[in-house]
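# Residue-level structural notes
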Amino acid sequence: MEQTTKLPESVKYDLTFAREIYSLENGSYIKQCMQCGMCAISCATRDIMDYSPRRLFNLIKLGKKDEVLKSNTFWYCTSCCTCKARCPRGIPLVDVMHDLKRYAIKNGYVDYPQAAFCKAFWAEVAGRGKVFEGGVTARFYLIRGLDEVLKAMEMKDIGINMLKRGRLPMFPPKKIKGMGNLKKIIRKAQEIQRKEEAR
């Protein structure tokens, strides 16, 4: 009887996602990762992350788009820069994490509350030139939906106490001087970013 050796099915990689990530401002640094694990050891929030930065980079290289964008890793990055300081290859991990956050929001992966916070914070800064805590809070809960607004109402006593003690301003601050110039800078930066992403 002739014995046939069955070869395992070949693994197919879709590198489209990896190429998109590499094209981000700091995305190409991912290719320099040698998987030493220094970032994972250094990270203060690694215990609550789905994947360490090292493992996340490996998933990007493998083209695992959903696993990467549904993970909490970049949302739990606190930007403490310890990983960046200790990486033997000098990879700016924090900057890569910021790129991943922006990419996730742009592509509709916004389930984590941190995504709503990023959007609320940015809208506040772009609209006033500075942050008004009440504005960020209101935007955050409106982005998250009615259920979250109702949950926020359970914390109203905390908010009222903060207002009474002057820890939370009642009214928004005036917009910064030169708001028009700030908007021009933002538009120019966004234009440059679009051109870089189109390359």
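Within any chain, residue numbers begin from 1 and follow the written order of that chain's sequence. Reporting in this predicted model follows two pLDDT cut-offs: at least 70 for local features of residues, and 80 or more for side-chain atom pairs to be given and counted; totals over whole chains, interfaces and linings ignore these cut-offs and use all residues. Note that water and hydrogens are dropped before the side-chain values are worked out from all heavy atoms of the structure.

### As for the packing of helix α8 (residues 113-128) against helix α9 (residues 133-144)
- The interhelical angle for the contact between α8 and α9, taken along N-to-C directions, is 135 degrees, at an axis separation of 8 Å. With respect to α9, the axis of α8 lies oblique. Where α8 crosses over α9, the handedness of that crossing is right-handed. Every residue of α9 that contacts α8 at Pro 113, Ala 116, Phe 117, Lys 119, Ala 120, Phe 121, Ala 123 and Glu 124 is listed here: Gly 135, Val 136, Arg 139, Phe 140, Ile 143 and Arg 144.
- Residue classes in the contact of α8 with α9 are distributed as nine nonpolar, one polar and four charged. Between the N-to-C directions of two axes lies an angle of 0 to 180 degrees, each axis being a line fitted to C-alpha atoms and, for a helix, fitted only over the stretch in contact. Under the DSSP-based scheme used, a helix requires at least four consecutive residues in state H or I and a strand at least two consecutive residues in state E, with every element numbered from the N terminus. Working definition: roughly parallel below 35 degrees, roughly antiparallel above 145 degrees, roughly perpendicular at 65 to 115 degrees, and oblique for all remaining angles. Note on convention: the crossing is left-handed when the near helix lies turned anticlockwise from the far helix by less than a right angle, right-handed when the turn is clockwise. The contact criterion used throughout is that any non-hydrogen atoms of two residues lie within 4.5 Å. When residues are sorted by character, Ala, Val, Leu, Ile, Met, Phe, Trp, Tyr, Cys and Pro go into the nonpolar class, Asp, Glu, Lys and Arg into the charged class, and all the rest, Gly among them, into the polar class.

### As for a nonpolar patch on the surface
- Patch building starts from residues that exceed 30% relative accessible area and form no salt bridge, then joins like charges within 9 Å and nonpolar side chains (Val, Leu, Ile, Met, Phe, Trp, Tyr) within 5 Å. Surface accessibility in these figures is a Shrake-Rupley result with a 1.4 Å probe; residues are shielded only by whichever protein chains are displayed. Salt bridges are defined by distance alone: a side-chain nitrogen of Lys or Arg within 4 Å of a carboxyl oxygen of Asp or Glu. A surface patch of nonpolar side chains, about 240 Å² in accessible area, is lined by Phe 117, Phe 121 and Val 131.
- With respect to the element layout, Phe 121 can be found in helix α8.

### Details of the packing of aromatic side chains
- Any two rings among Phe, Tyr and Trp, with Trp reduced to its six-membered ring, count as a pair given centres within 6.5 Å; such a pair is stacked if its planes are under 30 degrees apart, edge-to-face if over 60, and tilted if neither. This model, assessed by the stated rule, comprises four aromatic pairs.
- Here the aromatic rings of Phe 140 and Tyr 141 are separated by 4.9 Å at their centres, their planes lie at 80 degrees, and the arrangement is edge-to-face. For the residue pair Phe 140 and Tyr 141, the accessibility class agrees, reading buried in each case.
- Taking the ring centre of Tyr 22 as reference, the NZ or CZ of Lys 31 above it sits at 4.9 Å. Exposure classes here rest on a 1.4 Å probe applied to the protein chains alone. A residue is buried below 20% of its type maximum, exposed above 50%, and partly exposed in between. Charges are assigned to positions over rings by a cutoff of 6 Å between ring centre and Lys NZ or Arg CZ, combined with an angular limit of 35 degrees from the ring normal.

### A look at the state of the cysteines
- Note on terminology: pairs of cysteine sulfur atoms within 2.5 Å are recorded as disulfides. For the structure shown, the criterion picks out zero disulfides.
- The thiol sulfur of Cys 83 is not disulfide-bonded, and the nearest other cysteine sulfur, from Cys 77, lies at 5.9 Å.
- Residue classification places Cys 83 among the buried positions, given a relative accessible area of 11%.

### Observations concerning the domain arrangement of the chain
- Assigned domains of the chain: these are domain 1 (13-111) and domain 2 (112-185).
- Distance from the C-alpha centre of domain 1 to the C-alpha centre of domain 2: 28 Å.
- Contacts between domain 1 and domain 2 engage nine residues on the former and seven residues on the latter.
- The term buried area refers to how much accessible surface (probe radius 1.4 Å) is lost by two components on association, counted for both of them together. Around 730 Å² of area is buried between domain 1 and domain 2 when both sides are counted, 65% of it from carbon and sulfur atoms.
- Interface area lost by domain 1 to domain 2 is led by Trp 75, Ile 105 and Asp 111, which between them contribute 62%.
- Applying the counting rule to domain 1 against domain 2 returns zero salt bridges.
- A 3.5 Å cut-off defines polar contacts: any pair of N or O atoms within that distance qualifies, except that in protein one atom must be a possible hydrogen donor and the other a possible acceptor, and neighbouring residues in sequence count only when both atoms are side-chain atoms. Where domain 1 touches domain 2, the interface holds four residue pairs in polar contact (both at pLDDT 80 or more). Throughout, the edges of the domains are those of an automatic or database domain assignment.

### Description of helix α3 (residues 53-61)
- Residues of α3 that are buried include every one of Pro 53, Leu 56, Phe 57, Leu 59 and Ile 60, and no others. For α3, the angular spread of buried residues about the axis comes to 160 degrees, placing them on one side.
- In this structure, the buried residues of α3 make contact with α1 (16-22), α2 (38-42), α4 (65-69), α5 (73-76) and α7 (93-106).
- Where α3 ends, the next residue or the one after it, Gly 63, has phi of about 80 degrees, a positive value. Regarding the arc, it is the one traced by the directions from the helix axis to the C-beta atoms.

### Focus on the nonpolar core
- Residues Ile 21, Phe 57, Ile 60, Val 68, Leu 69, Phe 74 and Leu 100 are the most contacted members of the largest nonpolar core, which totals 30 residues.
- Elements supplying a minimum of two residues to this core: α1, α3, α4, α5 and α7.
- With seven residues, α7 is the largest single contributor of residues to this core.
- Not counting residues up to four positions away in its chain, the partners in contact with Leu 100 are Ile 21, Leu 56, Ile 60 and Phe 74.
- Each nonpolar core is a collection of buried residues, namely Ala, Val, Leu, Ile, Met, Phe, Trp, Tyr and Cys, held together in the definition by side-chain atoms within 4.5 Å. In terms of nonpolar packing, the next biggest core, distinct from the first, is built from six residues, Val 136, Phe 140, Tyr 141 and Ala 152 among them.

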